[in-house]
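Tertiary structure, described
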There are 2 protein chains.
Amino acid sequence: MSEHKIRNMEEFAALSGLSRPTVSKYFNDPGSVRPTTRKRIEDALERYDFRPNIYAMNQNRSLTKNVGIVVPYLADPFFAEIARIIELRCIEAGFSPILYSAHGEQKLEKEILEGLTALKPAGVFLAPLGRLSDRGAIERFCRDVPTVLFDSNIEDMGEAFVGSDNFSFVQQTVEYLCRTGAPPCFFEMRTPANPNANKRRKAYLQIMDAAGLEPHVIKVDGEGWGFEEIGRRGAHEVIATGRLPTDTVLCSNDRLAIGFLSACYERGLRVGRGDGCAIRVASHDDHPFSRFTCPSLTTAAHEYEAVADKCMNTLFSLIEAGGRFAAREETLIPARLILRASA
Amino acid sequence: MSEHKIRNMEEFAALSGLSRPTVSKYFNDPGSVRPTTRKRIEDALERYDFRPNIYAMNQNRSLTKNVGIVVPYLADPFFAEIARIIELRCIEAGFSPILYSAHGEQKLEKEILEGLTALKPAGVFLAPLGRLSDRGAIERFCRDVPTVLFDSNIEDMGEAFVGSDNFSFVQQTVEYLCRTGAPPCFFEMRTPANPNANKRRKAYLQIMDAAGLEPHVIKVDGEGWGFEEIGRRGAHEVIATGRLPTDTVLCSNDRLAIGFLSACYERGLRVGRGDGCAIRVASHDDHPFSRFTCPSLTTAAHEYEAVADKCMNTLFSLIEAGGRFAAREETLIPARLILRASA
DNA sequence: ATCCTTAATTAACGCGCGTAAAGTTTTTTG
DNA sequence: CAAAAAACTTTACGCGCGTTAATTAAGGAT
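Focus: the packing of helix α1 (residues 9-16) of chain B against helix α2 (residues 20-28) of chain B
All names here are of chain B. As a packed pair, α1 and α2 sit with axes 8 Å apart at the nearest point and diverge in direction by 100°. Classified by the angle their axes make, α1 and α2 are roughly perpendicular. Residue-level contacts link Met9, Glu10, Phe12 and Ala13 of α1 to Arg20, Val23, Ser24 and Phe27 of α2. Of the residues in the contact of α1 with α2, the class split is five nonpolar, one polar and two charged.

What about the domain arrangement of chain A?
Taken domain by domain, chain A consists of domain 1 (9-52), domain 2 (62-165 + 304-334) and domain 3 (166-301). With centres defined by C-alpha atoms, the gap from domain 1 of chain A to domain 3 of chain A works out at 59 Å.

A word on the state of the cysteines
Under the counting rule described, the total for this entry stands at zero disulfides over all chains. This cysteine, Cys264(A), is not joined by any disulfide, and Cys294(B) carries the nearest cysteine sulfur, 8.5 Å off. Of the cysteine sulfurs around Cys277(A), a residue in no disulfide, the closest is that of Cys264(A), at 11 Å.

A closer look at the interface of chain B and chain A
Often the size quoted for an interface is simply the accessible area lost on bringing the parts together. Taken together, the contact between chain B and chain A spans 47 residues of the former and 47 residues of the latter. Among the residues of chain B in contact with chain A, Tyr55(B), Tyr265(B) and Phe292(B) are the three that bury the most area, contributing 20% of the side total. Here Glu266(A) and Arg291(B) are joined by a salt bridge, their closest N and O atoms 3.3 Å apart. The interface formed by chain B and chain A contains 11 residue pairs in polar contact (both at pLDDT 80 or more). Among the elements of the structure, α4 (54-59), α5 (77-92), β2 (96-101), α6 (106-118), α10 (227-240) and α11 (254-266) of chain B are those that each provide at least two residues to the side of chain B that touches chain A. At seven residues, the largest contribution of residues to the side of chain B that touches chain A is made by α5(B).

As for the protein's contact with DNA strand D
Close to DNA strand D lie 25 residues; Met9(A), Ser24(A), Ser19(B), Thr22(B) and Thr37(B) are nearest. Within 4 Å of the protein, the atoms of DNA strand D are drawn from sugar and phosphate moieties in a proportion of 63%. The contact in question runs from a phosphate oxygen of DNA strand D to an N or O atom on the side chain of Thr22(B), over 2.4 Å. Arg34(B) is positioned with one of its backbone polar atoms (N or O) 3.1 Å from a phosphate oxygen of DNA strand D. Elements with a minimum of two residues in the surface near DNA strand D: α2 (20-28) and α4 (54-59) of chain A together with α2 of chain B. Within the surface near DNA strand D, the residues separate by chemical class into eight nonpolar, 12 polar and five charged.

Some words on the relation of the copies chain B and chain A
What connects the two chain copies is a rotation about an axis and a shift along it. Each copy of the sequence occupies a distinct position, and chain B is placed on chain A by a rotation of 180° and an axial shift of 0.0 Å, giving an RMSD of 0.1 Å. Each copy turns onto its partner about a two-fold axis. Relative to the rotation axis, the C-alpha of Tyr55(B) is the closest in chain B, positioned 2.2 Å from it.

Thoughts on the pattern of salt bridges
What the rule picks out here adds up to 50 salt bridges over all chains. Between Glu81(A) and Arg84(A) there is a salt bridge, with the nearest N and O atoms lying 2.9 Å from each other. Note that Glu81(A) and Arg84(A) are positioned in helix α5 (residues 77-92) at a spacing of three residues, about one turn of the helix. Here Glu81(A) matches Arg84(A) in class, with each residue buried. Bridged by salt links that share partners, the residues Glu229(A), Arg232(A), Arg233(A), Glu266(A) and Arg291(B) form one connected network.

What to know about the sheet that holds strand β7 (residues 217-220) of chain A
All names here are of chain A. The six strands are arranged β7-β6-β8-β9-β10-β12 in an open sheet whose pairing can be described as mixed. The sheet is open, and its two borders are formed by β7 and β12 (336-338), each paired with just one other strand. The mean inter-strand angle of the sheet, taken between neighbouring strand axes irrespective of direction, is 20°. Across three bridges, strand β8 (residues 248-251) lies against strand β9 (residues 280-285) in parallel orientation. Each residue of the ladder has a partner; that of Val249, found in β9, is Val281. Its contacts with the sheet put helix α9 (residues 195-210) on β6 (185-189), β7 and β9, and the angle it makes with β6 is roughly 165°.

Focus on the nonpolar core
Of all hydrophobic cores here, the largest spans 150 residues; its most connected members are Phe125(A), Phe260(A), Phe125(B) and Phe260(B). Non-local contacts of Phe260(B), meaning those with residues more than four positions away in its chain, are made with Phe187(B), Gly231(B), Arg232(B), Ala235(B), Ile239(B), Leu244(B), Val249(B), Cys251(B), Ile279(B) and Val281(B).

Side note on the side chain of Ser133(B)
Residues and elements named next belong to chain B. Counting through the fold element by element, Ser133 comes out in the loop between β3 (123-126) and α7 (135-144). Within the structure, Ser133 has its side chain in polar contact with the backbone nitrogen of Leu129 (distance 3.1 Å). Setting aside anything within four residues of it in sequence, one finds Ser133 in contact with Gln106, Glu109, Pro128, Ile138 and Ile154.

With respect to the protein's contact with DNA strand C
Neighbouring DNA strand C are 25 residues, the closest being Ser19(A), Thr22(A), Thr37(A), Met9(B) and Ser24(B). Contact distances for DNA strand C include 2.9 Å between a base oxygen and a side-chain N or O atom of Arg20(B). Between a phosphate oxygen of DNA strand C and a side-chain N or O atom of Ser24(B), the distance comes to 2.4 Å. Of all the elements in the fold, those that place two or more residues in the surface near DNA strand C are α2 of chain A together with α2 and α4 of chain B.

Let's talk about α1(B)
For an α-helix, 3.6 residues make a turn, and residues three or four places apart therefore share a direction. Residues and elements named next belong to chain B. Turning to α1, its buried residues are Met9, Phe12, Ala13 and Ser16. Projected onto a plane normal to the axis of α1, the buried residues spread over an arc of 100° and lie on a single side. The backbone nitrogen of Glu10 lies 3.3 Å from a side-chain oxygen of the residue at the head of α1, namely Asn8. Following α1 by one or two positions, Gly17 has its phi on the positive side, about 70°.

Brief notes about the pairing of strand β8 (residues 248-251) of chain B
Residue and element names in this part refer to chain B. Judged by which residues are buried, β8 turns out to be covered on both faces: Thr248 and Leu250 on one side and Val249 and Cys251 on the other are all buried. As judged from the three bridges shared by strand β6 (residues 185-189) and β8, these two strands associate in the parallel manner. Paired with Phe186 across the strands is Leu250, a residue of β8. Read from β8 through α11 to strand β9 (residues 280-285), the crossover connection turns out right-handed.

Observations concerning the environment of Glu109(B)
Residues and elements named next belong to chain B. Position of Glu109 among the secondary structure elements: in helix α6. It is 42 Å that separates the C-alpha atoms of Glu109 and Arg273, two residues lying 164 residues apart in sequence. Those residues in contact with Glu109 that lie beyond four places of it in its chain are Ala102, Ala127, Pro128, Leu129, Ser133, Asp134 and Ile138.

Analysis parameters
Residues numbered from 1 in each chain as written. Chains lettered and ligands numbered in written order. Predicted model: local features only at pLDDT ≥ 70, side-chain atom pairs only at ≥ 80, totals over all residues. Heavy atoms only, no water. Axes fitted to C-alpha atoms, helices over the stretch in contact; angles between N-to-C directions. Helix = DSSP H or I, 4+ residues; strand = E, 2+ residues; numbered from the N terminus. Parallel < 35°, antiparallel > 145°, perpendicular 65-115°, else oblique. Contact = heavy atoms within 4.5 Å. Nonpolar A, V, L, I, M, F, W, Y, C, P; charged D, E, K, R; others polar. Domains from an automatic or database assignment. Disulfide = S-S within 2.5 Å. Buried area = accessible area lost by both parts, 1.4 Å probe. Salt bridge = Lys/Arg side-chain N within 4 Å of Asp/Glu carboxyl O. Polar contact = N/O pair within 3.5 Å; in protein donor to acceptor, adjacent residues only side chain to side chain. Near = heavy atom within 4 Å. Least-squares fit on C-alpha atoms with pLDDT ≥ 70 in both. Buried < 20%, exposed > 50% of the residue type's maximum accessible area, 1.4 Å probe, protein only. Pairing = 2+ DSSP bridges. Core = buried A, V, L, I, M, F, W, Y, C linked by side-chain atoms within 4.5 Å. Arc of directions from axis to C-beta. Right-handed = clockwise from strand over helix to strand, strands pointing away.

Structural data, given as structure tokens:
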């Protein structure tokens, strides 16, 4: 590598013994130049370590190689995990992923989307806040940028949605719990931010109804993203006041369940399906740490990889289709039941 | 808001009844124009929703308002949490944070740094991979970009380091454990990726030595970022083979401890300091979920907010100083002992 | 060797904005 | 109220690259 710092493509082209338009062509598609010229450029690249100015490159482009990934709260390991896989897929596909977290705030989600529009991304994966989202802002954004919604569906927004089949999640857990013991009550937050929570409750009610069983929905109070603490407090209160109608609890999601298990432990309630267990707890999501709860958590797992792959493939088709689909695509991926020790 | 889409600053300036250079000045510093002019621009902004082209803006700037935040593995809730706070601070300060995860891979860390250089950021917060980092790549990067290292220190890299005082962490846990029961053994990974792990082991050895106690370091095998599983497996093996020299275990970090607790639960070993408890477990980091383990985890907490604030302030001074400090700054923030149920 | 196709070169314009210089207007100050 | 200072306008150039049109060179097939 030479010590001399290269200013621009002109200079680099000269050093590779080529013209700037040819080098420019190479950077936009290395396969578009003759193999021998390509080699010359790549040899020069080894020696001089030149990178085209990103800002100048993108200035006249209508769209870039950037791909936005927007999640509602990145410190939630579920989103961290799904974002991680999507990000890796983007890199493999030659895109530059840019990761954003709305930090649970409407204002930030809006600002992210506005800023992202200005970046002219080739496409965006958006997991919206849900109830807290500014629908107008999202609608405007989706008009300007090819968007694939994931995790939380918002009707008619974006060109496609990739998410989980909440009915399948609840069906599998409820069916399993009913088959192996008492039918479950359903434990959730009173005002969930996420539409999936509502779909899960509805699925629970419908499935219990179809089985001729009486449903019990237990709603606990709490705001924000501290789900574990909300679950823990709620569990303490529900158990202390004897409001638990059965010995089997199905939590809306794993983070609530982690809090629930924590409360059970604190109260000396043994959780699990074996002898001497006072209560069974199951849940949904297969949160990255649900393997390590005490006891380990029986849950319905997202197919993380499948969701990420489907997201990528959908965005690919979308980009190839010029950013618009004739009809909005919806993909719901079913759950995989994971039996562990808690139920 | 008008329907007409504005192409560029010239057009927007005309609509606000001002000249382009004035409007340009406004966007670079809204306070640099007369209040009346500022109002005219902001009124026009309300009506026409214009945003300057980012790429054109940054093309001729030597540095931008971007701030990079690079962490080794974002799906680790510890990094998600610290990144979350730093990101919010950046936004408050008027910067545009860009978040990157190296996903535990040297190659990705290198590529991130190379790409980040091309973005001409005002500054970068870098928590390096540690042992796996490409020192040359980081050194090159720090030459080009004002960098504040955090979490993992690498000698002489970057203009400053903000991290935790590992000695203080271990001192507080060891002191507490010795005061209230048997002196701890130290449980860690055999080949930790992170230099903090090494510092913690050394601190443990030194503190035990100073107290005239015999140290016991237990090293468990395992690669990658699945620390909980490594801790769980290791704990099972250590306990099964009777290699635990005392009933008190100090884990190098909370994620290992979460795995350790999981193994204890699976073996029916009661953890805690009360009667009927077979073992005490403590740890370091105050991982976001350590409150919810069973039992809840006694740990030495990072001052997340303090670390984030110190990072921000350091980067501010660094930017004001033109990107270079006369001498490298090192800030070590002491731990806060958090007594919970596990020890 | 000739023709034909493909690829590279040369020359030139445009993108949207930063920025500097020179001139004009507005505001502040004594 | 005049002078000085500050803010704004006009004009113009430059940044680094995308891109196009016209031209020339290179490589392959007949």
